[in-house]
Amino acid sequence: MATTGVLTRPAPSWRPDAVTLVRIAIIAAILILWQALALSELLYQDVVPPLQAIVRALARLLGSAEFYVNLWASLYETAVALLVGGGAGLFVGIALGGSRFLGRAFEPYLYYLGPTPKIIFFPIMIMWFGVGPGSKMAMGAMSCFFPVALSVAVGMRAIPSILIRVGQSFRASQAQMVTKIYLPAMREPVVNGFRLGFGIALIGVLLAETKLSNQGLGFLVIQNYQRFDMPAMYALLIAVFALSILANAGISRLTRPGGGRAGK
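Quick look at the structure, then. (Residues numbered from 1 in each chain as written. Predicted model: local features only at pLDDT ≥ 70, side-chain atom pairs only at ≥ 80, totals over all residues. Heavy atoms only, no water.)

With respect to the overall build of the protein
Then comes step 1: When helices and strands are counted, the protein shows 11 helices and zero strands.
Then comes step 2: N-terminal to C-terminal, the α/β element order of the protein is α-α-α-α-α-α-α-α-α-α-α.
Then comes step 3: Taking all 264 residues of the protein together, 34% fall into the buried category.
Then comes step 4: A sequence separation of at least 24 residues applies to 72% of the contacts in the protein between residues at least 6 apart.
Then comes step 5: Here the protein displays about 17000 Å² of accessible surface, and carbon together with sulfur accounts for 69% of that area. (Helix = DSSP H or I, 4+ residues; strand = E, 2+ residues; numbered from the N terminus. Buried < 20%, exposed > 50% of the residue type's maximum accessible area, 1.4 Å probe, protein only. Contact = heavy atoms within 4.5 Å. Areas by Shrake-Rupley, 256 points an atom, 1.4 Å probe, with all protein chains shown as cover.)

Quick look at the nonpolar core
Then comes step 1: If you look at the biggest cluster of nonpolar residues, it comprises 19 residues, and the most contacted ones within it are I94, C144, V152, M156, I159, Y182 and M186.
Then comes step 2: At the level of secondary structure, the elements contributing two or more residues to this core comprise α3 (65-98), α6 (133-157), α8 (174-185) and α9 (187-211).
Then comes step 3: Per-element tally for this core: the top contributor is α6, with five residues.
Then comes step 4: Residues I54, L202, L220 and L236 belong to the second largest nonpolar core, which totals 18 residues. (Core = buried A, V, L, I, M, F, W, Y, C linked by side-chain atoms within 4.5 Å.)

Regarding the packing of aromatic side chains
Then comes step 1: In the structure shown here, the tally under the stated rule is five aromatic pairs.
Then comes step 2: Between W34 and Y234, the aromatic rings sit 5.1 Å apart at their centres with planes inclined by 85°, giving edge-to-face as the arrangement. In this pair, W34 is assigned in helix α1 (residues 18-40) and Y234 in helix α11 (residues 230-252), connecting sequence segments 200 residues apart.
Then comes step 3: On the basis of relative accessibility, which here comes to 25%, the residue W34 falls in the partly exposed class. (Phe/Tyr/Trp six-rings, centres within 6.5 Å; stacked < 30°, edge-to-face > 60°.)

Focus: the pattern of salt bridges
Then comes step 1: Summed over all chains, the structure comprises one salt bridge.
Then comes step 2: In this structure, the salt-bridge partner of R157 is E107, at a minimum N-O distance of 2.3 Å. Separated by 50 residues along the polypeptide, R157 in helix α6 and E107 in helix α4 (residues 100-113) bring together distant segments of the chain. (Salt bridge = Lys/Arg side-chain N within 4 Å of Asp/Glu carboxyl O.)

Structural notes on unusual backbone geometry
Then comes step 1: For F228, which is not glycine, the phi torsion reads 55° and is therefore positive.
Then comes step 2: Looking at the secondary structure, you find F228 in the loop between α10 (217-226) and α11.

Notes on the side chain of S151
Then comes step 1: Structurally, S151 can be placed in helix α6.
Then comes step 2: There is a polar contact of 2.6 Å between the side chain of S151 and the backbone oxygen of P189.
Then comes step 3: When sequence neighbours within four positions are dropped, the list of residues in contact with S151 reads P189 and G193. (Polar contact = N/O pair within 3.5 Å; in protein donor to acceptor, adjacent residues only side chain to side chain.)

Notes on the packing of α9 against α11
Then comes step 1: For the pair α9 and α11, interaxial distance at closest approach is 9 Å and the crossing angle is 160°. Considered as vectors, α9 and α11 are oriented roughly antiparallel to each other. α11 is crossed by α9, and the crossing has right-handed handedness. For the pair α9 and α11, contact is made by V191, F194, R195, F198, L202 and L206 and by V240, S244, A247, N248, I251 and S252, respectively.
Then comes step 2: Across the contact of α9 with α11, the residue classes tally to eight nonpolar, three polar and one charged. (Axes fitted to C-alpha atoms, helices over the stretch in contact; angles between N-to-C directions. Parallel < 35°, antiparallel > 145°, perpendicular 65-115°, else oblique. Left-handed = near helix turned anticlockwise from the far one by under 90°. Nonpolar A, V, L, I, M, F, W, Y, C, P; charged D, E, K, R; others polar.)

Concerning the packing of α10 against α11
Then comes step 1: Their axes nearest at 8 Å, the elements α10 and α11 cross at an angle of 160°. Here α11 runs roughly antiparallel to α10, going by the angle between their axes. As for the relative orientation of α10 and α11, their crossing is left-handed in sense. The segment α10 lies against α11, with L217, L220, V221, N224 and Y225 engaging M230, A232, M233, L236, L237 and V240.
Then comes step 2: Of the residues that constitute the contact of α10 with α11, the class distribution is 10 nonpolar, one polar and no charged.

Rendered as structure tokens:
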């Protein structure tokens, strides 16, 4: 028998594209400029600490039990804020997007109030919910509500009318229309709204924690600032930034076909 040769293609080697190279170059340039500014002593000592000091502070932070206790407090407050504010925004967005009258009557208020800095309402939140976690959750929920509601309202209007007529022809209830027609058809606007809502809710919670709190990542940031422990403060900011990126990436995967399982 004649042997048949099988042509094997070598495994492709990963090569970064131009966009990835530019991103790497930007990060490298920022780090180089930071280190140069730290060593130049143009600013007060430790205002811009050298990178090695920040790395040591980050290692201490990740090995500290206090960090994880405060991390859990902030994550819990943000999760509750996202659940309450995002749920309310989803309900209001569906109502405004599904009714031309309600949209014209109430949606302008969302556009006017949405850009308003929510921190000015924090004293009211303290009076209503006290100085504990409740006021921080309320602050995050109010911050989260507006981007979710506006994004869902826009997504409702983009649903093809034929899908709505199909649901109506099967005499679907309002709950069935929401779960079977509306939400699947506007998955991307809903996820993008919650993505923006999460970031703004986290900002609202952290800002509230810097004003009046005895726990949370915002409390740790302001505590390190008051002690003028700049390396620890910058390390904490890096940790918050990294956690936000991970959460944002996780939410973004929901917009992919099959919830990020496409191609499998």
